[in-house]
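Structural overview for review
This is what each chain is made of:
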Amino acid sequence: MKHLLVVWSSQSGRTEALMRAACAGAAEFADEVELRCIGALAAGLDDLLWADGLIVATPENFGYLSGAVKDFLDRTYYPAEGKVDGLPYAMLVSAGNDGSGAVRALERIAVGYRWKLACEPLIVRGEPDDAALAKCRELGSMLAVGIACGTL
């Protein structure tokens, strides 16, 4: 069985809604993919090493990742170095602005981890509507299918 890790942070509840939709999409493939959704402050190295795929869900805070997501990345980088090369990842951003700063930050960090981007980051501006949540669900499904089939 493959493993999908979702690391997330939310204060307003918007990013949590995105994360829950993505997890619902991934859960459609529960026979092939085990799902682990963990708040960024609680997630650690063992969770990252367990994963065959990763979704990072973060609000855009001051044009950057949330502090909690950055903390997770800081805590796991050196201990995971060379152990998560090629890990497929996707990103969900809840943005009050344009979300591009958070995306750029994770893309730069992912280069250091040697992760590979599985799909374009999904940026949701403002309150998530049904269409945005459907896209999040689709992203979760796509990542789960990709790691289950070995295409990512």
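Residues numbered from 1 in each chain as written. Predicted model: local features only at pLDDT ≥ 70, side-chain atom pairs only at ≥ 80, totals over all residues. Heavy atoms only, no water.

**Here's the deal with the overall build of the protein**
Along the protein, the regular secondary structure elements total five helices and six strands. Mapped from its N terminus to its C terminus, the protein presents α and β elements in the order β-α-β-α-β-α-β-α-β-β-α. Computed over its C-alpha atoms, the radius of gyration of the protein comes to 14 Å, within 12% of the 15 Å expected for a compact globule of 152 residues. Projected onto its principal axes, the C-alpha positions of the protein cover 35 × 35 × 25 Å. Taken over 152 residues, the protein has a buried fraction of 49%. Restricting the contact set of the protein to residue pairs at least 6 apart, pairs at least 24 apart contribute 81%. Surface summary for the protein: the accessible area is close to 7,200 Å², and the carbon and sulfur share equals 49%. Counting 14 positive and 20 negative side-chain charges, the protein places the centres of these two groups 4 Å from one another. (Helix = DSSP H or I, 4+ residues; strand = E, 2+ residues; numbered from the N terminus. Rg over C-alpha atoms; globule rule 2.2 N^0.38 Å. Buried < 20%, exposed > 50% of the residue type's maximum accessible area, 1.4 Å probe, protein only. Contact = heavy atoms within 4.5 Å. Areas by Shrake-Rupley, 256 points an atom, 1.4 Å probe, with all protein chains shown as cover. Lys, Arg positive; Asp, Glu negative; His and termini not counted. Charge placed at Lys NZ, Arg CZ, Asp CG, Glu CD.)

**Some details on the packing of aromatic side chains**
Inspection of the entire model under this criterion finds four aromatic pairs. Here Tyr 89 and Trp 115 contribute two aromatic rings whose centre-to-centre distance is 5.7 Å and whose plane-to-plane angle is 50°, an arrangement assigned as tilted. Residue Tyr 89 is located in strand E4 (residues 88-95), and its partner Trp 115 is located in the loop between helix H4 (100-113) and strand E5 (116-117); the two are separated by 26 residues in the primary sequence. Of the residues examined, Tyr 89 reaches a relative accessible area of 3% and is grouped as buried. Both rings, one in Tyr 113 and one in Trp 115, keep their centres 4.1 Å apart while their planes meet at 20°; by these two values the pair is stacked. Considered together, Tyr 113 and Trp 115 belong to a single accessibility category, that of buried residues. Clustering of aromatic rings is evident, with ring pairs tying together Tyr 77, Tyr 78, Tyr 89, Tyr 113 and Trp 115. (Phe/Tyr/Trp six-rings, centres within 6.5 Å; stacked < 30°, edge-to-face > 60°.)

**A word on the nonpolar core**
Ranked by size, the top nonpolar core spans 30 residues in total, and within it Leu 48, Leu 54, Leu 65, Leu 73, Leu 106, Tyr 113 and Trp 115 carry the most contacts. At the level of secondary structure, the elements contributing two or more residues to this core comprise strand E1 (2-8), helix H2 (45-50), strand E3 (53-59), helix H3 (67-80), E4 and H4. Tallying contributions element by element places H4 first for this core, with seven residues. With residues near it in sequence (within four places) discarded, Leu 106 still touches Val 56, Leu 65, Leu 73, Tyr 89, Met 91 and Trp 115. Core analysis: the next-biggest nonpolar cluster, separate from the first, contains 24 residues, Leu 4, Cys 23, Ile 55 and Val 124 among them. (Core = buried A, V, L, I, M, F, W, Y, C linked by side-chain atoms within 4.5 Å.)

**Observations concerning the environment of Gly 112**
Mapped onto the elements, Gly 112 comes out in helix H4. Here the alpha-carbon distance between Gly 112 and Tyr 78, two residues 34 residues apart in the chain, equals 9.9 Å.

**A closer look at the pattern of salt bridges**
Taken as a whole and judged by the stated rule, the model has seven salt bridges. Close ionic contact of Asp 85 with Arg 114 constitutes a salt bridge, the shortest N to O distance being 3.8 Å. Highlighted residues: Asp 85 in the loop between H3 and E4 and Arg 114 in the loop between H4 and E5, separated in sequence by 29 residues. Judged by its relative accessible area of 56%, Arg 114 falls in the exposed class. (Salt bridge = Lys/Arg side-chain N within 4 Å of Asp/Glu carboxyl O.)

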